[in-house]
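# An overview of the molecular structure
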Amino acid sequence: MKADLFKTLQSQIMFLDGGAGSILQELGLPAGVLPETWNIDNRDAVVALNQGYLTAGSNIILTNTFGANCLKYGDEGTYSLEAVVNAAVSIAKEAVKRCEENSPLDERLAAFLKDSEPLRGTPACDRAHFVALDIGPTGKLLKPLGDLAFEDAVNVFKKTIEIGVKAGVDLIYIETMNDSHEAKAAVLAAKEVCDLPVFITTVYDGGGKLLTGANPETMVAILEGLRVDALGMNCSLGPAQMMGIVPRLAENSSTPVIVKPNAGLPRSENGKTVYDVGPDEFASLMRQIVEYGANIVGGCCGTTPAHIRALVNATQDMAQHLPEEKNISMISSYTHAVKFGRKPILIGERINPTGKKKFKEALRNHDIDYIINEGLKQEAAGVDALDVNVGLPEIDEPAMMDEVVRELQAVLDLPLQIDTTNAVAMEKALRIYNGKALINSVNGKAEVMAEVFPLVRKYGGVCVALTIDEDGIPTTAEGRIKIVEKIYENAAKYGIRKKDIIIDPLCMTVSSDDQAAVATLKALKYVHDVLGGNTILGVSNISFGLPSRDIVNGVFFTMAMQAGLSAAIMNPSAVEMRKAYTCFCTLSGYDPQCLGYIEYASNLPTMVASAPGSAPAVAAASAPQSSSPADEDPLIHAVRKGLKTQSEEAIRAKLNAGEDPMLIINDYLIKGLDIVGKGFEAKTVYLPQLLMSADAAKAAFAVIKDHLEKSGAAGAKKGKIVLATVKGDIHDIGKNIVKVLLENYSYDVIDLGKDVEPQLIVDTVIKDHIMLVGLSALMTTTVPAMEETIKLLREQAPWAKVCVGGAVLTQEYADMIGADRYSKDAMNTVEYAKEILG
């Protein structure tokens, strides 16, 4: 009888397999040949690979389908996607059968285990075994950073998963994801195709960030929202480097944690990629990782059956401690998570047409720039999240919501609150949103809960719940509390926990009911103190119809925070509310050394001299806040924030004013790019922001180019650079990022694409006597092709400098294969180009 995956997971630490590409190379896979083709051409070798790990003690083996997708394999022919995936699943099943029948292991794999201790405890043939369909990244960036649309990415993953599910895999294993948005696309594809368990691991750098900026807390928020069955990390780092990240996953996750490190860091020996952590050291480090909270462990690049055998022997006696339910309420953007329950969260209310004439006109006129600027102003004002409401009767709300969410998350990294009563608009926004959203809203009406809760369950999110039902809004706190309990009960039926519901006890204006504030605060306090729930209010509703509303709002806000308010939807420029918030945080111990208060007070120079609420103090505090510093040039600001339309407008203004085009480039465009580049290197700016800034600069460059051509004074490029992803590697994300930046710094880039033959690179360099070559590789199996390319360049084009980069490379590795420069990121390549070409 087939073992049950979840029962096995509850009873023991579960063991994954180890490296695949490096083992296949040992078995003779030539450099540059796609590993999945061996499912067809060298079946016995792949069977041996899978059986080797099962013999070592693995419970779960991954099919040889890491790169198997429709972007690489077509619908017909020997190497069709269907043929490659079906063969991989068949091979894995055969390996399980051979292991369970105790069939002899291929001597080539047995050689890896000849110096290993025997497997302790239960024999390999009697262990629980599962076949996981391995799903790797597409190798492309999603729009707007790249050219792959989100839904196209979902469909790419679906095609592979559909084939694997029909072939009979036990679970879906999504791995090596370095972009939260692509990870979401893959999970949705799996969930929409089947009901099999879904495991997923993402790739962190040494600073604990994904390529596109997400930290561990962000990925926990997103992936738990999508209801994966296990989550964690793999590749890029060795176990020692992962040691600091694992606790962050374990402390925030209520879902089992996976850790699958490389065998340390790579280097080249005699043309082969080797790693610096042997089996015994690997096992010792992994024992610590299990103590830190890992539940499912294995190895990635450079690990062998010997590493897995040592890992199993070292940890199989350890008790399995599955994560307890963490009562952590989190929303997130693509870079960071925001937690509810301690310091009150501020949600900017300005992207909402209610009572805002200019905003309504912006929606009617499709003025996206106005909407983006409203977001930027609120970001500058220090809000934690942005409310997004674009509902007007005369516009297509679902289409507008979809577009606004895409545009906002392209230039801002604040979490968004999706604010709509239109279920179609809500689903469009939740599907495309790159994070875990705040959802506004559901209420106690049965039909509304039946409409909204399935969307929350599918896409994840923290859902605002209004205390209103079929009978309206109760006037008493007791009536509202009954609705709260009904909402909690119904949410639980959909598997939505209390931590993902945030109660809005509703502010009714005191001008029409002098007991309105009393009822709201009583209900709020009960939810916080008795029910242990989170709460939210649209604070300014309390003062409708009253003069000097800001004064009432500020005092009521203080009372609400004292009663346990978790979050407020508010205008961040409202003077009295900001005073109340700043002082509350300082007096409640949320403001270390009172630094927040001091910074706030420094912007109110007349506060001490003037009586509270006096005209000078209010005027100083309520001056309109710009989305950029007052002394920052509009062009630099537009480039820094990635605003294409504004960058074009700013540069036209400078040209029309007679400013010199080359000075504009050097003093403004390059300066703006340098600011962003330095932020990227300092990890304060992330890849999406870097690329959007590059796009804004590119748009501005196009205006200057057109101006120069019309005037007959077109500027010259700084120099030519050849870029290529090496033979056998179809992952060109890194190369494309480098290309965008180099072009923005006026270099002439010859992009040879991906999977490029070494001789083609050399011939191109020779043809134009090019001085600088950039080579990229993601996979360990393709690094030998990089080394071969460098050797040919040294022989045939010795003048050319070679810069290399990619997830599998290190400085030591780059030195060993003869590169002139190892670039850890795109900006480092730009700096090297400046050194070589000026």
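The rules behind these values
- Residues numbered from 1 in each chain as written.
- Predicted model: local features only at pLDDT ≥ 70, side-chain atom pairs only at ≥ 80, totals over all residues.
- Heavy atoms only, no water.
- Helix = DSSP H or I, 4+ residues; strand = E, 2+ residues; numbered from the N terminus.
- Rg over C-alpha atoms; globule rule 2.2 N^0.38 Å.
- Contact = heavy atoms within 4.5 Å.
- Areas by Shrake-Rupley, 256 points an atom, 1.4 Å probe, with all protein chains shown as cover.
- Expected span 1.5 Å × (residues − 1).
- Buried < 20%, exposed > 50% of the residue type's maximum accessible area, 1.4 Å probe, protein only.
- Pairing = 2+ DSSP bridges.
- Right-handed = clockwise from strand over helix to strand, strands pointing away.
- Axes fitted to C-alpha atoms, helices over the stretch in contact; angles between N-to-C directions.
- Salt bridge = Lys/Arg side-chain N within 4 Å of Asp/Glu carboxyl O.
- Phe/Tyr/Trp six-rings, centres within 6.5 Å; stacked < 30°, edge-to-face > 60°.
- Lys NZ or Arg CZ within 6 Å of the ring centre and 35° of its normal.
- pLDDT = per-residue confidence, 0-100.
- Parallel < 35°, antiparallel > 145°, perpendicular 65-115°, else oblique.
- Nonpolar A, V, L, I, M, F, W, Y, C, P; charged D, E, K, R; others polar.
- Patch = residues over 30% accessible without salt bridge, like charges linked within 9 Å, V, L, I, M, F, W, Y side chains within 5 Å.
- Lys, Arg positive; Asp, Glu negative; His and termini not counted.
- Charge placed at Lys NZ, Arg CZ, Asp CG, Glu CD.
- 1 Å grid on protein atoms, 1.4 Å probe; cavity = no way out; pocket = protein on both sides within 12 Å on 5 of 7 lines; lining within 4 Å.
- Points joined across faces, edges and corners; volume = space filled by probe spheres on them.
- Core = buried A, V, L, I, M, F, W, Y, C linked by side-chain atoms within 4.5 Å.

## A short note on the overall build of the chain
The helix and strand inventory of the chain stands at 33 helices and 25 strands. Its C-alpha atoms give the chain a radius of gyration of 29 Å, within 12% of the compact-globule value 28 Å for 838 residues. Counting only C-alpha atoms, the chain reaches 85 × 75 × 50 Å along its principal axes. Once local pairs closer than 6 in sequence are excluded, the contacts in the chain between residues at least 24 apart make up 76%. Of the roughly 32100 Å² of accessible surface on the chain, a fraction of 51% belongs to carbon and sulfur atoms.

## Considering helix 4 (residues 43-56)
Counted at 1.5 Å a residue, the expected span for helix 4 with its 14 residues is 20 Å, and the 20 Å between its end C-alpha atoms agrees. Among the 14 residues in helix 4, eleven count as buried, and that is most of the element. Those residues of helix 4 that fall on the buried side of the exposure criterion are A45, V46, V47, A48, L49, N50, Q51, G52, Y53, L54 and A56. Looking at the packing, one finds that the buried side of helix 4 touches helix 2 (21-26), helix 3 (38-41), strand 2 (60-62), helix 5 (81-100), helix 6 (107-113) and helix 13 (305-315).

## Remarks on the pairing of strand 16 (residues 438-443)
Across the six residues of strand 16, six count as buried, placing the element largely inside the fold. One ladder, built from three bridges, connects strand 15 (residues 416-419) with strand 16; its direction is parallel. Considered in strand 16, the bridge of D419 is made with N440. In terms of handedness, the path from strand 15 via helix 17 (residues 423-432) over to strand 16 forms a crossover that is right-handed. Where strand 16 lies against strand 17 (residues 462-466), five bridges are found, and the strand directions are parallel. Note that in strand 17 the partner of N440 across the bridge is V464. A crossover links strand 16 with its parallel partner strand 17, the connecting element being helix 18 (residues 446-459), and its sense is right-handed.

## Brief notes about the sheet that holds strand 15
Taken in spatial order, the eight strands close into a barrel running 13-14-15-16-17-18-19-20, and their pairing is parallel. The average angle at which neighbouring strand axes cross in this sheet is 30°, direction not considered. With four bridges connecting them, strand 17 and strand 18 (residues 501-504) associate as parallel partners. Bridged to L466 within strand 18 is D504.

## Some points on the side chain of K158
Structurally, K158 is set in helix 7 (residues 150-167). Excluding residues within four positions of it along the chain, K158 makes contact with A189, E192 and V193.

## Examining the sheet that holds strand 3 (residues 130-135)
Ordered in space as 1-10-7-6-5-4-3-2, the eight strands form an open sheet in which the pairing is parallel. Each having just a single partner strand, strand 1 (14-15) and strand 2 make up the two edges of the open sheet. Where strand 4 (residues 171-177) meets strand 5 (residues 198-202), four bridges bridge the pair, whose relative direction is parallel. Each residue of the ladder has a partner; that of I172, found in strand 5, is V198. In this fold helix 5 packs onto strand 2 and strand 3, with an angle of close to 150° to the strand it touches most, strand 3.

## What about the pattern of salt bridges?
Under the criterion given, the structure shown has 41 salt bridges. Of the charged contacts, one joins R431 and E192 as a salt bridge, the two residues approaching to 2.7 Å between their closest N and O atoms. Taken together, the residues R431 in helix 17 and E192 in helix 8 (residues 180-193) connect sequence positions 239 residues apart. A relative accessible area of 27% places E192 in the partly exposed class. Here K834 and E831 are joined by a salt bridge, their closest N and O atoms 3.5 Å apart. Linking K834 with E831, this pair stays in helix 33 (residues 826-837), spanning three residues, or about one helical turn. Taking the relative accessible area as the measure of exposure, E831 reaches 29% and is therefore partly exposed. Through salt bridges that share partners, E151, K158, E192, R431 and K458 make up one connected network.

## Looking at the packing of aromatic side chains
Under the criterion given, the structure shown has three aromatic pairs. Look at F453 and Y494: their rings are 5.6 Å apart centre to centre, the planes differ by 50°, and that puts the pair in the tilted class. Here the residue F453 occupies a position in helix 18, and Y494 occupies one in the loop between helix 19 (477-493) and strand 18, the gap between them amounting to 41 residues. Judged by its relative accessible area of 0%, F453 is buried. On the basis of relative accessible area, Y494 is assigned to the partly exposed category, the value being 25%. Ring geometry for F557 and Y581: centres 6.3 Å apart, planes at 5°, overall stacked. One end of the pair, F557, is in helix 21 (residues 549-562); the other, Y581, is in helix 22 (residues 575-587), with 24 residues separating them in the sequence. Comparing F557 with Y581, the two get one shared label, buried. Above the face of the Y488 ring, K498 is positioned so that its terminal group lies 5.0 Å from the ring centre.

## Quick word on the confidence of the model for the chain
Mean pLDDT over the chain works out to 91, with 96% of the residues at or above the 70 mark. In the model, residues 606-626 has pLDDT below 50 throughout and makes 25 contacts with residues more than four positions away in sequence or in other chains.

## A word on the packing of helix 14 (residues 357-364) against helix 15 (residues 368-380)
How two helices sit against one another is set out by the angle between their axes and by the gap between those axes. Close contact between helix 14 and helix 15 brings their axes to 8 Å; oriented N to C, the two are set at 135°. Taken together, the axes of helix 14 and helix 15 lie oblique to each other. Facing helix 14, whose interface residues are K358, F359, A362 and L363, helix 15 presents Y370, I371 and E374. When the residues that make up the contact of helix 14 with helix 15 are grouped by side-chain class, the tally is five nonpolar, no polar and two charged.

## Structural notes on the side chain of E217
Relative to the assigned elements, E217 resides in helix 9 (residues 216-225). Setting aside chain neighbours within four positions, we find E217 in contact with R248, N252, M330 and A337.

## Some thoughts on a negative patch on the surface
On the surface, a cluster of negative charge is made up of D276, E281, E812 and D815. By the element assignment, E812 lies in helix 32 (residues 811-816). Here E812 falls in the partly exposed class, since its relative accessible area comes to 43%.

## Observations regarding the layout of surface pockets
Looking at the second largest pocket, its volume works out to about 1200 Å³. In terms of lining residues, the second largest pocket is bounded by 45 residues, among which N352, T354, D419, G538 and N541 are the most central. Contributing elements (two or more residues each) for the lining of the second largest pocket: helix 17, strand 16, helix 18, strand 19 (534-538), helix 21 and helix 22. For the lining of the second largest pocket, the leading source of residues is helix 18, giving four residues. Within the lining of the second largest pocket, the residues separate by chemical class into 17 nonpolar, 18 polar and ten charged.

## A short note on the nonpolar core
I172, I174, M233, V259 and I501 are the most contacted members of the largest nonpolar core, which totals 147 residues. In terms of residues, this core owes the most to one element, helix 5, which gives nine residues. Among the nonpolar cores identified, the runner-up in size contains 41 residues, and L673, I733, Y745 and V830 belong to it.

## A few points about the pairing of strand 6 (residues 230-234)
The element strand 6 is extensively covered by neighbouring structure, given that five of its five residues are classed as buried. Along strand 6, one buried face is formed by A230, G232 and N234 and the opposite face, lined by L231 and M233, is buried too. Looking at chain direction, strand 5 and strand 6 are connected through four bridges and run parallel. The partner of T202 across the bridge, within strand 6, is M233. A crossover links strand 5 with its parallel partner strand 6, the connecting element being helix 9, and its sense is right-handed. As paired elements, strand 6 and strand 7 (residues 257-260) share four bridges and run parallel to each other. By the bridge assignment for strand 7, L231 is matched with V257.

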